[in-house]
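Okay, here's what each chain looks like letter by letter:
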Amino acid sequence: MGEDVLAPFSGKIKNLVDERPASTRRPHRRVVALHSFPGGAEAFELVARFCYTGGSGLAVTTANACALRCAAQFMDMADTPASSTKPSLVKMTEKVLEEMPHWPWQSVVDAVKECQRLFPLSESSGVFDRVVGALLSQMAVTGDATPTSSSPESSAFRFSCDTKCSSLSMRRTWWFEDLVVLSPGMVERVAKALLARGADHGIVARFIFYYLKCRIAGANADDKKLMLEAAIAVIADLDGASVSCKGLFGILRIASPLKLAGACQDTLVDMIGRKLDHATLDNLLVPAPSGTSSLYDVSLVLRFLEAFMRHSGGARYEPPRLKKVGALMDMYLAEVAPDSSLQPARFVELATALPAAARDCHDALYRAIDVYFQVHGRLTDDEKMKICKGINYEKLSPECCKHLATNAGFPTRAAVQALASQHTVLKGIIRHSGPLKPAPSSPQPPATGKYHRPDSYSDVGVDGDDNNGQVVLYASRLDLSLENQNLKSLLDGMHWRVMELEKVCSRMKAEMTKMKAPRRRGAAARSLPRMCS
């Protein structure tokens, strides 16, 4: 009777026999079904042969060792005590598996594929761990001793990780081609196991990108999702230097049309945010999701910025990186500003997402806002002022201050603030310029024109010739008493102009409030005061 032969070696069969009532223990009344037997019918035949022959009729080889070890686990063929004379299938298979680091390379690759078929028993039985150890041992082989001549770089393949091709890298990546046939789940398990055993992070990263390049083309949407999610899970465990920003954006482009798991999307966004200072404008120009009227996915870029600020510590720790991101965002703002569908609230978030230390000069930010105002002509002054709060007027060049003061698209309050800030900057320059020296004997430029007309509005760069705006730049270099007096007069005139503009703004606000209030019958309409010319 078959089960009586198997029972002495298999705890699983023994338990089934013991649980059966004595009245039903006749062979023709008992059928044992072993579903999902590891290794299938072929492995079961080998296990049965082992039991019938007492172990003498079975040869354990590199081809069947993994399946037999998992079958022994499945059948509960526990290792026998040392004093027992009964053969042990576990001992026989373990003896062969211990030699796996010395197996031929192709046998190790076949063992990896076998682990994929036998999972999760291959993991619980320890077979997978032995296979990973053998892989890592043989991957270290370089030069002429390489087990195979295949190389993923032999056909001018260029990795998405932006690592340069070399003879050394080719010797270290010869095994890529043999493992790309694995399923996404097995690739993730193998890669993480290699990392846990100290494998080079850069090589593992290159393998992941090579796997995606080879397998993603032609795959259906579901398979693509599995591949990308497995790749992201592995990359998240790598050190930041081993994965390029370009490679991460490559994954993002593939993943955009797919609906990845929320946690997986967050991980990818977080990794890109960490390396945002290495991104380019083209990287950020991700098309908006289908169904939206905007051209670009601004919300995604805001998430990148949030992740960058969270991990970089902002200006307190890494100001050079922060300034790189600031310059990148100026270019991005200029690109998205002409989008008529971009809502003011989103534009405000973009303009104010970074701290003041991210920009030494706010000219580019001003120009982007100017374009946005031109495209969105129906914005109210309050909405415009919310957008303008991202501008630090003291960091504007004189040319931009001149342009802003005469720019009808900007609110009057913004022009006032710009002039007031330049007034403050100029006073600071004079305050810190040190003691004045006597006038030199050499001829000096006449103190007329741009400095000698304090009563003229053009002296502050609002009207007149183009050189008048350079007063701030030249003020720190002045060393003549006469020039110092002229500058003080200029400041007094500028201060008076600022006060006048503030009074006009106050009167306009009061008149607009009156216009909104209920009017009496027959009352004549009152006109707004004219702006000073």
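Our subject is the structure listed above.
Summary of the structure given here. Since the model is a prediction, treat every value here as computed from it, not as a measurement.

The next point concerns unusual backbone geometry. Between Phe119 and the following residue, Pro120, the backbone shows a cis peptide bond with an omega angle of 10 degrees. A positive phi angle, near 55 degrees, is found at Ser36, a position not held by glycine. The residue Ser36 is located in the loop between α2 (11-19) and α3 (40-53) in this model. Unlike most non-glycine residues, Asp76 shows phi in positive territory, near 55 degrees. Along the chain, the position of Asp76 falls in the loop between α4 (65-74) and α5 (89-97).

Looking now at α5. Regarding α5, the residues found buried are Leu89, Val90, Thr93, Glu94, Val96 and Leu97. Looking straight down α5, one finds its buried side chains confined to an arc of 160 degrees; they lie on one side. Packed against the buried residues of α5 are α3, α4 and α8 (127-139). Its side-chain oxygen 3.4 Å from the backbone nitrogen of Val90, Ser88 forms the N-cap of α5.

This paragraph deals with the packing of aromatic side chains. Summed over all chains, the structure comprises 13 aromatic pairs. Judged by centre distance (5.1 Å) and plane angle (40 degrees), the ring pair of Trp175 and Phe207 falls under tilted. One end of the pair, Trp175, is in the loop between α9 (167-172) and α10 (176-179); the other, Phe207, is in helix α12 (residues 201-215), and 32 residues separate them in sequence. Taken as a pair, Trp175 and Phe207 share a single burial class, namely buried. Between the aromatic rings of Tyr366 and Phe410, the centroid separation amounts to 5.1 Å while the plane-to-plane angle is 40 degrees, which identifies the pairing as tilted. You can see Tyr366 sitting in helix α20 (residues 363-375) and its partner Phe410 sitting in the loop between α22 (398-405) and α23 (412-431), a full 44 residues away along the chain. Neither Tyr366 nor Phe410 differs from the other in exposure class; each is buried. The lysine or arginine in question, Arg189, covers the ring of Phe119, its NZ or CZ lying 3.8 Å from the ring centre. Geometry around Phe373 places Lys384 over its ring, the cationic atom sitting 5.3 Å from the centre.

A few words on the side chain of His376. Structurally, His376 is set in the loop between α20 and α21 (381-388). Judged by its relative accessible area of 11%, His376 is buried. A distance of 3.3 Å separates a polar atom in the side chain of His376 from the backbone oxygen of Ser340. Not counting the four nearest positions on each side in its chain, His376 is found in contact with Ala337, Asp339, Ser340 and Leu342.

Orientation of helix α6 (residues 105-118) relative to α8, taken along the N-to-C sense of each, is 145 degrees, at an axis distance of 10 Å. In this structure, α6 crosses over α8, and the sense of that crossing is left-handed. Facing Trp105, Val108, Ala111, Val112 and Cys115 of α6, the residues of α8 in contact are Val127, Phe128, Val131, Ala134, Leu135 and Gln138. Here the contact of α6 with α8 is composed, by residue class, of 10 nonpolar, one polar and no charged.

Basis of the calculations
Residues numbered from 1 in each chain as written. Predicted model: local features only at pLDDT ≥ 70, side-chain atom pairs only at ≥ 80, totals over all residues. Heavy atoms only, no water. Helix = DSSP H or I, 4+ residues; strand = E, 2+ residues; numbered from the N terminus. Buried < 20%, exposed > 50% of the residue type's maximum accessible area, 1.4 Å probe, protein only. Arc of directions from axis to C-beta. Contact = heavy atoms within 4.5 Å. Polar contact = N/O pair within 3.5 Å; in protein donor to acceptor, adjacent residues only side chain to side chain. Phe/Tyr/Trp six-rings, centres within 6.5 Å; stacked < 30°, edge-to-face > 60°. Lys NZ or Arg CZ within 6 Å of the ring centre and 35° of its normal. Axes fitted to C-alpha atoms, helices over the stretch in contact; angles between N-to-C directions. Left-handed = near helix turned anticlockwise from the far one by under 90°. Nonpolar A, V, L, I, M, F, W, Y, C, P; charged D, E, K, R; others polar.

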